[in-house]
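Coordinates in review
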Amino acid sequence: MADPAARIEELRAAIRLHNHRYYVLDEPTVSDAEWDDLMRELRALEATHPDLVTPDSPTQRVGADTSALFSPVTHLQRMFSLDNAESPDDMAVWEERLERVLGRAPTGYSCELKIDGLAVSLVYEDGVLVRGATRGDGTTGEDVTANLRTLRSVPLRLLTDDPPAVLEVRGEVYMSDAAFARLNEQQAAADDRAFINPRNAAAGSLRQKDPQVTAGRELDIWVYQLGLVEGGPGFGSHGEALAWLSDTGLRVNPASVTVGSIGEVMTAITSAEERRHDNGYQTDGVVVKVDDLLDQAELGFTARAPRWAIAYKFPPEERTTTLRDIQVNVGRTGAVTPFAVLEPVFVGGANVGMATLHNEEQVHFKDVRIGDTVVVRRAGDVIPEVVGPVVAARIGTEREWAMPTECPFCGHPIVRPEGEKVARCTGGLVCRSRLREWLAYFASRGGMDIEHLGYKTIDFLIEEGLVSSPADIFTLAPEAFEGREGWGETSIGNLMAAISDAKDRPAAKLLTALGIRHVGPSVADLLVGRFRSLLTLADASEEEIAGVEGIGPIIATSAAEWFAEAENRDLVERLAELGVRVDDPEPDGPVSDALAGQTFVLTGTLEGFTRDEAKSAIEAQGGKVTGSVSGKTSYVVVGASPGSKATKAESLGVPTLDEAAFVELLGS
């Protein structure tokens, strides 16, 4: 085994460097998860070798050095850090420690979202904000009062007629996802570097010398803890304290819940992780606290953390790795999209070896180079993306990337139309990649919904020369597959049946499947509702298409130009000749307006309806179907195995309907 003393010093040096870059320079070079790994290893070594623990070890203090940019502030009460848990076993061990000290299990726990931002303290005297500071090293922070005063969610005076003489509270300053997107749009417009994530953007925005800069950054705060109180009310529990803080005008997160047992804590954690991407801001865990304040006082503190609280960390969604290469893919519309080839890294619960780079403009805006150490993010089921480079890690061998001039799949020129962000292959369906993606989109659930026709089968069909356009799908015969490896009688029959069923899909599904730019399902419904037939639509002028309510000039131009190309018109005519439905009959009788003004969201699987059929049934009676739940949603229709939308509806107080109630509503 390596010398433990040498390894301890190596870890301490690395952590000090990362702390300085993160807290002082706002230029981190590793992800939070990698920093946690270093700190965890150091704590384990020091626990094994207590004689090697020194007062200046990173484990012996809470936070980081104070920046020279701001005046130092001594906190009225020390701001401690938190111990971490990463599994139910960790939580069980924590509960056992609590029981040993208290002689019993705690009577309740508070569960709060762990916000990914910057910890601060606010001090009010006689109800007036007098000081705000960053956490710093826990004892001394940076005076950022002028900047915190610019946050509209920080009250300058408490909303109470009887404020305490002194009140110190703790909170987390953060930037919402929407504000972060707007900030990076502004950065791009000014030709400035993009921020890597909302956390770094919030930290950098709060620590600006000019408060006007902070004021323009759309920061917010959640207050999560009572600090020192002089001359104020007494409380029996943390939950009571938070409720009082909320009553005084301080912003307390409504997602906080109080539960009675560790089992219920784990249920709350699971629920919070499932809704992780529905909040509109970044969270990286749940903070669990013993709720009873007398129990908190008895449990006390260690040198660095309260014994009565612990942070349950979600799996990391960001990691750093090496960008090996940048290659391109050609999509169904000919769009040429760069993607990153990475040194494989485990992030967001999966091994990631490739990630999107969006488009040529984004590569240059983020200044991502081949050979860079990059931050990779994978949130839930979202496609992994390269967030940005770690500039401080560059060694000079990194290479800038340029969009190729010829398509690597067909050799035709790649051009970027003036005014557009996306470059395109000019090879049409001669380009194998474009044909592959178009066929996959055509057969997808959002298109013609041809079951059993996935990428593997499409690759086989293209390789064998059996298809060169979507119409060729409907000419396939069982003989094309017989005797082929992996194709038995059942699999051939299933595919043939799926292709036959697809012929009778609604015309709007076919219009969507054609992949015309800007023509998605909603637009297709509008166009088919007006023209009834794709052949009639093909004959319509741009002005006639633009005259359809809900269709703008960009959509009208795109649709008219698509149908004006002879090969596209021929494709629709050939589909009609092959028996594919290209028109919809006029609806029988007038459309009801019984659900006019009502907005619905669908989640889960319904037995008596497909998703499209349920949508059509609502729209036939004047209702509207949207994809997300908000306070304006009228009903959420909940089928089997619903997603997070049902939970969000419950949290917002939006009425939910099971399938029976939904059918009854339609009938009434």
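This text goes with the structure placed above it.
Residues numbered from 1 in each chain as written. Predicted model: local features only at pLDDT ≥ 70, side-chain atom pairs only at ≥ 80, totals over all residues. Heavy atoms only, no water.

Digging into the overall build of the protein chain
- From N to C terminus, the protein chain includes 23 helices and 22 strands.
- Judged by the C-alpha coordinates and their principal axes, the protein chain covers about 85 × 65 × 50 Å.
- Of all 668 residues assigned to the protein chain, the portion counted as buried reaches 47%.
- Relative to all contacts within the protein chain whose residues are 6 or more apart in sequence, the contacts with residues 24 or more apart total 68%.
- In the structure as shown, the protein chain presents an accessible area of about 31,700 Å², 50% of it carried by carbon and sulfur atoms. (Helix = DSSP H or I, 4+ residues; strand = E, 2+ residues; numbered from the N terminus. Buried < 20%, exposed > 50% of the residue type's maximum accessible area, 1.4 Å probe, protein only. Contact = heavy atoms within 4.5 Å. Areas by Shrake-Rupley, 256 points an atom, 1.4 Å probe, with all protein chains shown as cover.)

Focus: the nonpolar core
- Counting residues in each nonpolar core, the largest one holds 58 residues, and the members touching the most others are I450, F474, F481, L511, L514 and I545.
- Residue assignment for this core shows that the elements contributing at least two residues are helix 12 (432–443), helix 13 (455–463), helix 14 (489–502), helix 15 (507–513), helix 16 (521–531), helix 17 (534–539), helix 19 (553–564) and helix 20 (566–577).
- With residues up to four places along the chain from it excluded, the contact list for L511 reads I516, V519, A524, L527, V528, L534, L537 and F563.
- Residues L129, L151, A203 and L242 belong to the second largest nonpolar core, which totals 32 residues. (Core = buried A, V, L, I, M, F, W, Y, C linked by side-chain atoms within 4.5 Å.)

Concerning a negative patch on the surface
- A surface patch of like charges, here negative, comprises E542, E543, E544, E561, E565, E567 and D570.
- Those elements that provide at least two residues to the negative patch are helix 18 (542–546) and helix 20.
- The element contributing the most residues to the negative patch is helix 18, with three residues.
- The topology assignment puts E567 in helix 20. (Patch = residues over 30% accessible without salt bridge, like charges linked within 9 Å, V, L, I, M, F, W, Y side chains within 5 Å. Salt bridge = Lys/Arg side-chain N within 4 Å of Asp/Glu carboxyl O. Lys, Arg positive; Asp, Glu negative; His and termini not counted. Charge placed at Lys NZ, Arg CZ, Asp CG, Glu CD.)

Focus: the side chain of K313
- You can see K313 is positioned in strand 11 (residues 309–313).
- For K313, a relative accessible area of 13% gives the class buried.

Things to note about the environment of V223
- Looking at the secondary structure, you find V223 in strand 8 (residues 219–230).
- Looking at V223, the relative accessible area reads 3%, which means it is buried.
- Excluding residues within four positions of it along the chain, V223 makes contact with V169, R170, G171, L242, L245, L250, R251 and V252.

Looking at the pairing of strand 16 (residues 385–389)
- The buried count for strand 16 comes to four of five residues, which makes it a mostly enclosed element.
- Both strand 15 (residues 373–377) and strand 16 contribute to a ladder of four bridges, which runs antiparallel. What sits directly across from V374, in strand 16, is P389. (Pairing = 2+ DSSP bridges.)

Focus: unusual backbone geometry
- Phi angles above zero are rare outside glycine, and D367 is one such case at about 60 degrees.
- Here D367 is to be found in the loop between helix 11 (360–366) and strand 15.
- Here D367 falls in the partly exposed class, since its relative accessible area comes to 23%.
- Positive phi is not limited to glycine here, since R532 has a value of about 65 degrees.
- Mapped onto the secondary structure, R532 falls in the loop between helix 16 and helix 17.
- Classification of R532 as buried rests on a relative accessible area of 19%.

Remarks on empty space enclosed by the protein
- The full count for this structure, using the stated rule, is four cavities of 30 Å³ or more.
- When its volume is computed, the largest cavity comes out at roughly 60 Å³.
- Lining the largest cavity are R193, A194, F195, I196, F365, K366, V387, G388 and P389.
- Looking at the lining of the largest cavity, the elements that each hand over two or more residues are helix 11 and strand 16.
- Considering each element in turn, the lining of the largest cavity owes the most residues, three residues, to strand 16.
- Here the residues of the lining of the largest cavity are counted per class, giving six nonpolar, one polar and two charged. (1 Å grid on protein atoms, 1.4 Å probe; cavity = no way out; pocket = protein on both sides within 12 Å on 5 of 7 lines; lining within 4 Å. Points joined across faces, edges and corners; volume = space filled by probe spheres on them. Nonpolar A, V, L, I, M, F, W, Y, C, P; charged D, E, K, R; others polar.)

Here we look at the packing of helix 12 against helix 13
- Interhelical geometry of helix 12 versus helix 13 gives an angle of 135 degrees and a closest axis separation of 10 Å. Classified by the angle between their axes, helix 12 and helix 13 sit oblique to one another. Handedness of the helix 12/helix 13 crossing: right-handed. For the pair formed by helix 12 and helix 13, the contact residues are R432, L435, R436, E437, L439 and A440 on the first element and Y455, I458, D459, I462 and E463 on the second.
- Among the residues making up the contact of helix 12 with helix 13, the classes are represented as six nonpolar, no polar and five charged. (Axes fitted to C-alpha atoms, helices over the stretch in contact; angles between N-to-C directions. Parallel < 35°, antiparallel > 145°, perpendicular 65-115°, else oblique. Left-handed = near helix turned anticlockwise from the far one by under 90°.)

Topic: helix 3 (residues 88–102)
- Taking 1.5 Å of rise per residue, the 15 residues of helix 3 would be expected to cover 21 Å, and the 21 Å separating its terminal C-alpha atoms lies within 8% of that figure.
- Listed as buried for helix 3 are M91, W94, E95, L98 and L102. Axial view of helix 3: buried residues confined to an arc of 100 degrees, hence all on one face. Along helix 3, the residues that are exposed and aim more than 90 degrees away from the buried face are D89 and R100.
- Buried residues in helix 3 make contact with strand 2 (84–85), strand 3 (109–115), helix 9 (262–274), strand 10 (283–290), helix 10 (293–299) and strand 11.
- Positive backbone phi, approximately 80 degrees, marks G103, located one or two places after helix 3. (Expected span 1.5 Å × (residues − 1). Arc of directions from axis to C-beta.)

With respect to the packing of aromatic side chains
- Evaluation of the coordinates by the stated rule reveals 14 aromatic pairs.
- Between the aromatic rings of Y174 and Y281, the centroid separation amounts to 5.3 Å while the plane-to-plane angle is 50 degrees, which identifies the pairing as tilted. Of the two residues, Y174 is situated in strand 7 (residues 166–175) and Y281 in the loop between helix 9 and strand 10; the sequence distance between them amounts to 107 residues. Taken individually, Y174 and Y281 each receive the classification buried, so the pair is uniform in this respect.
- Joined through ring pairs, the aromatic side chains of F80, F301 and W308 make up one cluster.
- Cation over ring: R332 sits above Y441, and NZ or CZ is 3.7 Å from the ring centre. (Phe/Tyr/Trp six-rings, centres within 6.5 Å; stacked < 30°, edge-to-face > 60°. Lys NZ or Arg CZ within 6 Å of the ring centre and 35° of its normal.)

Points about the pairing of strand 21 (residues 635–638)
- In the sheet, strand 19 (residues 599–603) pairs with strand 21 via four bridges, with the strands oriented parallel. Note on strand 21: the bridge partner recorded for T603 is V638.
- Relative to strand 22 (residues 656–657), strand 21 runs parallel, the two sharing two bridges. Residue pairing for strand 22: V637 is matched across the bridge by L657.

What to know about the pattern of salt bridges
- According to the stated counting rule, one finds 42 salt bridges in the structure shown.
- Measuring nitrogen to oxygen at the nearest pair gives 2.7 Å for the salt bridge that ties D83 to R304. With D83 in the loop between strand 1 (72–74) and strand 2 and R304 in the loop between helix 10 and strand 11, this residue pair connects regions lying 221 residues apart in the sequence.
- Of the residues examined, R304 reaches a relative accessible area of 12% and is grouped as buried.
- A salt bridge links R581 to D584; its shortest N-O distance comes to 2.7 Å.
- Judged by relative accessible area, which is 25%, R581 ranks as partly exposed.
- Residue class for D584 comes out buried when judged on its relative accessible area of 16%.
- Each of D367, R369, D372, R394 and E400 takes part in one network of salt bridges that share partners.

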